[in-house]
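Chain residues, written in single-letter form:
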Amino acid sequence: MEEAAGERSNLAGVQHILLVLSGKGGVGKSTISTQLALALRHSGKKNVMGWEGSPTATARTRHPTGPACTPSTISRTASVARRMSVGILDADLCGPSVPRMFRVQDSDVHQCNSGWVPVFVGQDKNISLMSIAFLLEKPDDAVVWRGPKKNALIKQFVADVAWGDLDFLIVDTPPGTSDEHISTVEALRPYKPLGAILVTTPQAVSVGDVRRELTFCKKTGLKVLGIVENMSGFVCPHCSECTNIFSKGGGEELAKHAGVPFLGCVPLDPQLSQSLEEGKDFIQEFPKSAAFPALAHIAQQVLDGTWQQSS
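Rules used throughout
Residues numbered from 1 in each chain as written. Predicted model: local features only at pLDDT ≥ 70, side-chain atom pairs only at ≥ 80, totals over all residues. Heavy atoms only, no water. Helix = DSSP H or I, 4+ residues; strand = E, 2+ residues; numbered from the N terminus. Polar contact = N/O pair within 3.5 Å; in protein donor to acceptor, adjacent residues only side chain to side chain. Contact = heavy atoms within 4.5 Å. Axes fitted to C-alpha atoms, helices over the stretch in contact; angles between N-to-C directions. Parallel < 35°, antiparallel > 145°, perpendicular 65-115°, else oblique. Left-handed = near helix turned anticlockwise from the far one by under 90°. Salt bridge = Lys/Arg side-chain N within 4 Å of Asp/Glu carboxyl O. Buried < 20%, exposed > 50% of the residue type's maximum accessible area, 1.4 Å probe, protein only. Pairing = 2+ DSSP bridges.

Draft legend 1. Geometry of the side chain of Ser131. Mapped onto the elements, Ser131 comes out in strand β8 (residues 127–131). In terms of polar contacts, Ser131 uses its side chain to reach the backbone amide nitrogen of Ala133, at 3.1 Å. Look past the residues within four positions of Ser131 in its chain and what remains in contact with it is Asp90, Pro96, Pro99 and Phe157.

Quick look at the structure:
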């Protein structure tokens, strides 16, 4: 990523920035953000020629951040792979829930020469988080702030968190289209975000609010990568029958109407809910669950979009 200023910024090592948006609360933006981070982390083992399994992996002969590789270098290092590094910026200042979903809500943020050090998840530290939840004295403290103070903290999150080298930074936003969203988009604009994923539930009242979010993206010049329909049916764990509790098809219909990609439907899944409550890695522990293929497919489409953009 190009540096936005003369000196190296804290986002200089971030390859791709994604925003997760919705005009309505309670549709599962944080759920999609956390599971997308986990899916990207697992699906995107990266080697010197690109991402393993990518359509262009065998054709690439250039390290993502280094010089062209010689045939001897490729044969020596092509087998070296690692999981992708993913960061999550929890920009929902009044309802920060991402730390709780990873069971790191009691962690502290430390300072370094470059700014705040994010909280790392797991032993391999491939997922890093920043949230206002880490800065509150008590977990039950309410953030009773007016717009200017919220906007200042968002700008500080963008400028002062020492993310290091990340393949993806996922920004989990609050519901709506107001001050915080404008501040987030404007603060990230110099770093050329990849785009936004919009989350809705199937029913008309949610789809109507997400339609306004599409208008927000258009007015702010933010590319829409696609729409996810969350809570799309409940698959019975005993008979595998799907019951459409909240109707069906609203997200896909909206995507067709708006001319943007439809990334998929994520069903209600008790194993996913259990993972979020217990801070487990759903993608790793429940590969046979109803929601797993949908989340993996969404992550793959995000990866496909990055390959197409960089090719």
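Draft legend 2. The arrangement of the packing of helix α6 (residues 204–220) against helix α7 (residues 250–258) in detail. Where α6 contacts α7, the axes come no closer than 10 Å and their chain directions differ by 30 degrees. When the interaxial angle is binned, α6 and α7 end up roughly parallel. Two packed elements cross with a definite hand, and for α6 against α7 that hand is right-handed. Note on element contacts: α7 touches α6 through Gly250, Gly251, Leu254 and Ala258, opposite Val207, Val210, Arg211 and Leu214.

Draft legend 3. The arrangement of the pattern of salt bridges in detail. The full count for this structure, using the stated rule, is eight salt bridges. Note that Arg189 and Glu186 form a salt bridge whose closest N and O atoms lie 2.8 Å from each other. You can call Arg189 partly exposed: its relative accessible area is 35%. Its relative accessible area of 44% is what places Glu186 among the partly exposed residues. Of the charged contacts, one joins Glu278 and Lys280 as a salt bridge, the two residues approaching to 2.9 Å between their closest N and O atoms. Because the salt bridges share partners, they merge into one network encompassing Lys24, Asp209 and Arg212.

Draft legend 4. Spotlight on the pairing of strand β1 (residues 14–21). For β1, the tally of buried residues reaches seven of eight residues, placing the bulk of the element in the interior. Looking at chain direction, β1 and strand β9 (residues 166–172) are connected through six bridges and run parallel. Within β9, the residue paired with Leu19 across the bridge is Val171. Note that β1 and strand β10 (residues 195–200) share four bridges and pair parallel. Residue pairing across strands places Leu18 opposite Gly195, the latter belonging to β10.

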